[in-house]
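Examining the three-dimensional arrangement
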Amino acid sequence: MPPILEKFPIKYLLDSIDHGTFISFKEEIHIQYRSLREMSEAIHRQQLTPKELLDYYLDNIDKLEKDISAWAYFDKPLAIELAEEYTVEASEKRFRGPLHGIPIGVKDNMDVKGMPTRV
């Protein structure tokens, strides 16, 4: 098995499938197998906060980035600041839309205000 694949808990994907029944969102290992819709619904039902979701992805970035170099530009302080702001809004049941609090990455060849663009 290639070394990079050893870092991905593939067996947990199979372990987490139980005819549509999933364990708590608080159990970190299974977040990566949730659909966008499931994560959005969990945030809206306050089962998961935008900050918790971002922390999960930040942990993965910290673990894997040196091996895969996926990010040309990453503004971690801004991501944390926004996740905290979206968490407060969600706790007050103020949502900006269905993707409220869902972190995204944008390919570096897309023009985004305030971020470098590379071709």
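The structure under discussion appears in the preceding block.
Now for a look at the structure at hand. Keep in mind that this is a model prediction, so the values were computed, not measured. (Residues numbered from 1 in each chain as written. Predicted model: local features only at pLDDT ≥ 70, side-chain atom pairs only at ≥ 80, totals over all residues. Heavy atoms only, no water.)

**Some points on the packing of helix α4 (residues 50-68) against helix α5 (residues 76-91)**
- Orientation of α4 relative to α5, taken along the N-to-C sense of each, is 155 degrees, at an axis distance of 8 Å. The angle between α4 and α5 places the two elements in the roughly antiparallel class. Seen from α4, the contacting residues are Pro50, Lys51, Leu54, Leu58 and Asp62; seen from α5, they are Lys76, Ala79, Ile80, Ala83, Glu84, Tyr86, Thr87 and Ala90.
- Per-class residue counts for the contact of α4 with α5 are eight nonpolar, one polar and four charged. (Axes fitted to C-alpha atoms, helices over the stretch in contact; angles between N-to-C directions. Helix = DSSP H or I, 4+ residues; strand = E, 2+ residues; numbered from the N terminus. Parallel < 35°, antiparallel > 145°, perpendicular 65-115°, else oblique. Contact = heavy atoms within 4.5 Å. Nonpolar A, V, L, I, M, F, W, Y, C, P; charged D, E, K, R; others polar.)

**Brief notes about a nonpolar patch on the surface**
- A grouping of Tyr73, Leu78 and Met115 is seen on the molecular surface, where their side chains present a nonpolar patch of about 230 Å² in accessible area.
- Inspection of the secondary structure puts leucine 78 in helix α5. (Patch = residues over 30% accessible without salt bridge, like charges linked within 9 Å, V, L, I, M, F, W, Y side chains within 5 Å. Areas by Shrake-Rupley, 256 points an atom, 1.4 Å probe, with all protein chains shown as cover. Salt bridge = Lys/Arg side-chain N within 4 Å of Asp/Glu carboxyl O.)

**Thoughts on unusual backbone geometry**
- Of note in this structure, glutamine 46 is not a glycine but carries a positive phi near 60 degrees.
- Even without a glycine there, the phi angle at lysine 93 is positive, about 60 degrees.
- With respect to the element layout, lysine 93 can be found in the segment after α5.

**Remarks on the side chain of glutamate 89**
- Structurally, glutamate 89 is set in helix α5.
- Each residue touching glutamate 89, except ones within four places of it in the same chain, is listed here: Arg94, Arg96 and His100.

**Description of the pattern of salt bridges**
- Here the structure, examined in full by the defined rule, presents eight salt bridges.
- Its salt-bridge partner being lysine 51, residue aspartate 55 comes within 2.7 Å of it at the nearest N-O pair. Placement of both aspartate 55 and lysine 51 in helix α4 is noted, with a separation of four residues, approximately one turn of the helix.
- Across the pair arginine 96 and glutamate 85 runs a salt bridge whose closest N-O atoms are separated by 2.6 Å.

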